[in-house]
Amino acid sequence: MTLREAQNTVDEWIKTIGVRYFNELTNLAMLTEEVGEVARIIARRYGEQSEKESDRDKDLGDEMADVLWVLICLANQTGVDLTAAFQKNMEKKTSRDATRHLDNEKLR
């Protein structure tokens, strides 16, 4: 599935099952909450915090998909074409960072 297809799929789901989009501020709060759930798993599973028994069955991929879902909702609501935005962002990073990381002593 492409980003454009994902945006269309989410939009169709919202219109047929979800009734309507939550407003942008609600979705921003939800995005923050979902990112926090991803952070919790990573901090405990890959970081120095111990993982609680209640967190062991959490699916990192599912939590990342929740982040993507809300991000797509926000893109749809605000008229952002994520395919075009991502392509433009990659071009910016490629141009700006062409040698930046190669020249970074900390990355060796």
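Throughout, a residue's number is its position along its own chain's written sequence, starting from 1. In keeping with the model being predicted, local features are shown solely for residues with a pLDDT of at least 70 and side-chain atom pairs are shown and tallied solely at 80 or more, while totals for entire chains, interfaces and linings include all residues. Side-chain figures throughout are based on the complete set of non-hydrogen atoms in the structure, without hydrogens or water.

Focus on the nonpolar core
Within soluble globular proteins, side chains that are nonpolar generally end up buried alongside one another.
Turning to step 1, where the next piece is worked out: As used here, the term nonpolar core means buried Ala, Val, Leu, Ile, Met, Phe, Trp, Tyr and Cys residues forming a set that is joined through side-chain atoms within 4.5 Å. Exposure categories follow from relative accessible area, calculated using a 1.4 Å probe and restricted to protein chains: below 20% of the type maximum is buried, above 50% is exposed, and the middle band is partly exposed. Core analysis: the largest hydrophobic core is formed by eight residues, namely A6, V10, I14, Y21, I72, C73, A75 and L82.
Turning to step 2, where the next piece is worked out: Listing elements by their share of this core, those giving two or more residues are α1 (3-16) and α3 (60-78).
Turning to step 3, where the next piece is worked out: Throughout, a residue-residue contact means that at least one pair of heavy atoms, one from each residue, lies within 4.5 Å. Residues in contact with A75, not counting those within four places in the same chain, are Q7, V80 and L82.
Turning to step 4, where the next piece is worked out: With seven residues, the next largest nonpolar core counts I41, L60, V70 and L74 among its residues. Numbering goes from the N terminus for both helices and strands, where a helix is a DSSP run of H or I of at least four residues and a strand is a run of E of at least two.

Things to note about unusual backbone geometry
Turning to step 1, where the next piece is worked out: A positive phi angle, near 75 degrees, is found at V19, a position not held by glycine.
Turning to step 2, where the next piece is worked out: Relative to the helices and strands, V19 resides in the loop between α1 and α2 (24-45).
Turning to step 3, where the next piece is worked out: For V19, a relative accessible area of 70% translates into the label exposed.

Some points on the pattern of salt bridges
Turning to step 1, where the next piece is worked out: Salt-bridge detection follows one rule: a side-chain nitrogen of Lys or Arg within 4 Å of a carboxyl oxygen of Asp or Glu. Applying the stated rule across the entire model yields nine salt bridges.
Turning to step 2, where the next piece is worked out: Residue D81 pairs with R4 through a salt bridge whose shortest N-O separation is 2.7 Å. Remark: R4 occurs in helix α1 and D81 occurs in the loop between α3 and α4 (82-96); sequence separation between them is 77 residues.
Turning to step 3, where the next piece is worked out: Owing to a relative accessible area of 42%, R4 belongs among the partly exposed residues under this scheme.
Turning to step 4, where the next piece is worked out: Residues D55 and R44 are paired through a salt bridge, measuring 3.5 Å at the closest nitrogen-oxygen approach. Here R44 lies in helix α2 and D55 lies in the loop between α2 and α3, a separation of 11 residues in the sequence.

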